[in-house]
Amino acid sequence: MDYSIKIGGEAGQGIQTIGDTLAKVFSKTGYHVFTHQDYESRIRGGHNFFQIRLSNKPISASRNKIDILVALDKESILLYKNELSEQGIAIYDSSALRQKYEGKKLLDVPFETLAVEHGKDRIMANTVATGAVLGMLGLKLDILFEIINDIFRKKGEDVIKGNINAVKAGYDFASKNCTDCSFSIKEPAEESLMLINGVEAIGLGAISSGCKFYSAYPMTPSTGILNFMSEKAEGYGIVVEQAEDEIAAINMTIGASFAGVRAMTGTSGGGFALMVEGLSLAGMTETPVVIALGQRPGPATGFPTRTEQAELMFVLHTAHGEFPRLVFAPGTPEQAFYLTNKAFDIAERFQIPAFILFDQYLADSAWTFGRFDLSKIKYNDYRLRGNDFKKLGSYKRHAFTDTGVSPLAVPGDARHVVVTDSDEHDEEGHIVEDAETRIKMVQKRLLKKIPLIRQEMSQPILYGADKPDIVIVGWGSTYGVMKEAVDALSPPRPPLIKGGQRGGIAMLHFSEIYPFPSSPKFLHILNKAKKAICIENNATGQFARLMREETGYEFKYKINKYDGRPFIIEDLIGEINAVIG
Amino acid sequence: MPSLDDYKGQMPAWCPGCGNFPILKTFKDAVVELGLEPHQFTIVSGIGQAGKFPHYLKCNTFNGLHGRTLPVSTGIRLANHDMIVIAVAGDGDCYGEGGNHLLHAIRRNINIKLFVHDNQVYGLTKGQASPTSMEEMKTKVQPFGVLSEQLNPMALAVALDCSFAARSFAGDISHLKEMIKESIKHKGFSLVDILQPCVVFNKINTYEWYKKRVYHIEAGYDPTNRIEAFKKALEWGDKIPIGVIYRNNRPAFEERMPIIKDKPLIKQGFDMSKIEAALKGFY
C-alpha cells in the first residue's frame, strides 16, 4: 500500500489545512506519512500544492504519481491530470471552479453546496473535501472527529457539530459516488506515529537542549522555528525577541549567551549574509551560539519559498578571520532533533558557533516516526556559575589551557569580572597588540580546538550494500529520496549478494559536515566502488568540492538539480540509472 | 563600599587632552558614589576611541563590534536583568553604523544606559565627518564641507518618546557626574549624549567653542512635557542646553516581558522533565 494525495489550489484557499489534517489523521491511525509543500511567495492567489504520501511501511520522499488529486482550482487539473496514476481520481467542485470536466478520472464533488447544507457554512467546503478523501480511501472517521474536537474546542459546540456534519457529508458523497475508486487500505502496521517537520524538530531539539533565548528576523524558510519557539516561550521559559534586523538578531544572541544562557538564532541565506560580521564576533569572543540556517535558492531574493542546497560553501567559508565552527546538515526531522541537541552541546563545550544547515524542503516536509528518545539527549551545563565561580582565587575569561577551552563564567555570579573583546586580547580579555599573545591566542582559539571538535564528528551513514559497486553520496535533505532510490535499485532479496562479495548499491549520507569527519573507511568505500555519484540540490556540486578539498577524492559522476524543487524518487532513479548505464 | 582603587584599569591609549579622560574619571566617581561594585555592571562598547573605555576601568566588559553595542546589551539584559548594562559608543558608532538599533532600543524601552561620547568627528579613522558633524565642516573626505544635515540626537530621542534623554559636556564634570548617576538610576532606556572635544581632528567644536555655548537647563524646566522638550532639543548653535531634556515613566521592556517578570532568565533552571509534554504535541 503506497498512495499519494495532492491538494492543489491558490494561496489562501486552505490547502495546507486540508493537507495537515489528512496527514495527522493518517499518522494518528498508524500509517507512515511523508508530506512536501510547494508554494509561491504570495499570500493570496497563484498556485500552490501540498503532497502527502501514505504507506504501511516507512517512507521518506515524494513520488511522481498521484492517486487522489483534490483540485481547488482549474490549474490543479490542468497541471496534474497527467500525474494521476492508473487508479488515480481527481475530485473538484464544478460550481466553485465554474467548469465541469468529463472523464471517469474526474469526480465532481459539490464541496460548497454540501458545506452549506450540512455544515451551515460555506467556509466548511475544505472540511467536506477532507471527508471526501477519507471516503475515497474507506478510512474510519473517528480520528478526524477527535482532531476536529481539538481544533474547534474554543469555538463551541455548533462549530464542532457543523464540521463533523460537513466531514460526514463529504465522506458519504465520495463513498457513494466514487464508483471508480479502487483503493485498498491495509491495516496500519503501527499504533500511532508522531508527525513532525524539519523546523518543528529543530525547535524541539533547541528546547530539549535548554535553549533559553531565541532572537530572529522573520525569513522563509526559518520562520517556522521562530513561530515554534514563540509558542513554547511561556511554557518553557524562553525569551523570544523579534529583532529589528539579522545583525541585531545575532548580536542579541551573543549578548544573551555572554550573560549566561543557551541562545540561538535562525535565518536564511540573505539574512545570514547580514549576520556574518556577528559570526566572526562569536568566533573571536569565544561565545557559544547556535545558528539555524535555512537554505533557499539564491542569489539575492532568488526563489523565496523554494529549496536548494547552495549555501554549504557560504557557511563554511564566510566571516572574516580564522576560527572554528561546527556545521551539521540533518537529513530528516529526527536527525534535526538530535543534531540540534548535539550542536548546543558542542557549541557550549568548545565555545564556538554551531550551525544547523537545512533547507525549505526539510523545513516544510513532515515525516512520521515512532518516538524521539529523550534519554539520548545530552545536557551538560559547561558554564562556570555560582559558588564554583565565587571560590576561584582569580579569573581570566580567555586563560590559556591545554585544550584551548577557557572557563566560561557567568558575569555577576562572583566578584571577578568577565572581560572579552572583539579586538585581539590577552587572557583577561583586554586589548593587546603584541605578536606573541596573538600567536598563543590563535593556537588556543583555533588550532587546539579543531582536532578535539573533529573527534566529536560522527561518520556518514552507509545504507544499502556493505561493499557496493555503486555509491550515491549526499548531505542534508536529500537523505530520504536517496534512501528510497537505494531501496528501489537494490535486488529484491538482499542476500542475493553473498557476504564478502562486492556488488549492489549503497548510499553514503553526511549530516555531520564540519569539521569534516576523518576516516579512511568511507574513502575506502568510495575508492572501491565502480561508480560513485554525488547528488546535490545545487548547480555546482559544493559537497563534491568539499570532499576533494578535505580528502582529495574527486567525484567523476554528479547529479545536480537546481530548479528550486526537491528530488522526486522516480526522477532521481532515472538519473542514477542513466549514470549506471 | 567600593572605592576608586577598585576601578584601576589598563593604561589609556587616548591622545593627550582627549575629552575621553574627564569622562572616564567622572564615570568612576559616579559609580563609586552610587556604591556600585565592578562585577555588578557590564559595559558593552563598540569600536572607536570610546570603544576602549571599559578597558580603562574595571568591570564586566563586552567590547564588541562597531555599531552593535545596543543589540548585545539587549541580549544581556533579557538574559539577566539583575545586571546593570551600560552601552558606551561614539557618535559614528551609535548614530551612524548602529542607527537602526538605536531606534528600536528606544522603542523597546529596554533598561540600557547608552552613553554616547559625541565628538562630532571620526577619531579612530582619522578625521572624517560623523553624523553629528556640523554642516560645512571640511575634512579630507568632505573637501566641499559636510552636505548632510547634522543629526540631532536629542530631537530624535524626544520624537521617539525615549524614556530618558539628556545632554552633558566633558568639560563640566560635576554636571556630567549627575547625568551619569541619573541615567543609571533611571528605569528604562536612557540616552546621554556627551559633548566631547576631539583635540586632534575637530578644530571647530573645541573646549572653548563648547564652553562659550553650553548652559545648564533652567531650574523651572519640566522635562516631562514632550512638546517643551522637543523645543529644547532643537536648541543648538549660540546656546546649547545641557541637562535632562526629556523623561517619562514608560515601563521598561523587562517589566513587560512575562517570562522574566519575576526572575532573571539566568536564574531559571532547565527542567528536562517538561520536554515530554512538548513531544506529546506531535503524537
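Starting from 1, residues in each chain are numbered consecutively following that chain's sequence as written. The naming scheme follows written order: chains are lettered A onward, ligands numbered 1 onward. Only residues with pLDDT of at least 70 are given local features in this predicted model, and only at 80 or more are side-chain atom pairs given and counted; all residues enter the totals for whole chains, interfaces and linings. Hydrogens and water molecules were not included; the side-chain quantities draw on all heavy atoms of the structure.

## Section: unusual backbone geometry
1) Next: Here the residue pair Thr220 of chain A and Pro221 of chain A is connected by a cis peptide bond, since its omega of 5° sits within 30 degrees of zero.
2) Next: If you trace the backbone, Pro221 of chain A turns up in the loop between β8 (211-216) and α9 (223-236).
3) Next: Geometrically, the link from Tyr514 of chain A to Pro515 of chain A is a cis peptide bond, its omega value of 0° lying close to zero.
4) Next: Its place among the elements puts Pro515 of chain A in the loop between β19 (512-514) and α19 (520-528).
5) Next: The backbone of Gln351 of chain A shows a phi angle near 60°, a positive value even though the residue is not glycine.
6) Next: Within the secondary structure, Gln351 of chain A sits in the loop between α13 (333-350) and β13 (353-359).
7) Next: Non-glycine residue Glu136 of chain B carries a positive phi angle of around 80°.
8) Next: By the secondary structure assignment, Glu136 of chain B is in the loop between β4 (112-118) and α5 (153-159). What counts as a helix is a DSSP run of H or I of at least four residues, what counts as a strand is a run of E of at least two, and both are numbered from the N terminus.

## Structural notes on the side chain of Thr332 of chain A
All names here are of chain A.
1) Next: Here Thr332 shows up in the loop between β12 (326-328) and α13.
2) Next: Here a polar contact is recorded for every N or O atom pair within 3.5 Å, except that within protein the pair must consist of a potential hydrogen donor and a potential acceptor, and residues adjacent in sequence are included only if both atoms are side-chain atoms. Of note is the side chain of Thr332, whose polar atom sits 3.2 Å from the backbone nitrogen of Glu334.
3) Next: Within the structure, Thr332 has its side chain in polar contact with the backbone nitrogen of Gln335 (distance 2.9 Å).
4) Next: With sequence-adjacent residues up to four places away left out, Thr332 is seen in contact with Leu362, Trp367, Phe369 and Tyr479. We call two residues in contact when some of their heavy atoms are within 4.5 Å.

## Some words on the domain arrangement of chain A
Interface size, as often reported, equals the accessible area lost upon joining of the parts.
1) Next: What counts as a domain boundary in this text is fixed by an automatic or database domain assignment. If you check the domain split of chain A, you get domain 1 (2-177), domain 2 (196-376), domain 3 (383-456) and domain 4 (461-580).
2) Next: Relative placement of domain 1 of chain A and domain 3 of chain A: their C-alpha centres are 57 Å apart.

## Observations concerning the state of the cysteines
1) Next: Two cysteine sulfur atoms form a disulfide, by the criterion used here, when they sit within 2.5 Å. For the structure on display, the rule yields one disulfide over all chains.
2) Next: Two residues share a disulfide in this structure: Cys178 of chain A and Cys181 of chain A, whose sulfurs sit 1.9 Å from each other. Taking the sign of the S-S torsion, 75° for the link of Cys178 of chain A and Cys181 of chain A, the bridge is right-handed.
3) Next: By relative accessible area, Cys178 of chain A is classed as buried at 8%.
4) Next: We note that Cys15 of chain B lacks a disulfide partner, and the nearest cysteine sulfur, in Cys18 of chain B, lies 6.1 Å from it.
5) Next: Among the residues examined, Cys15 of chain B registers a relative accessible area of 34% and is labelled partly exposed.
6) Next: With no disulfide of its own, Cys94 of chain B lies 11 Å from the sulfur of Cys162 of chain B, the closest cysteine sulfur.
7) Next: Here's how the labels work: a residue is buried when its accessible area is under 20% of the maximum for its type, exposed when over 50%, partly exposed in between, all with a 1.4 Å probe on protein chains only. Judged by its relative accessible area of 2%, Cys94 of chain B falls in the buried class.

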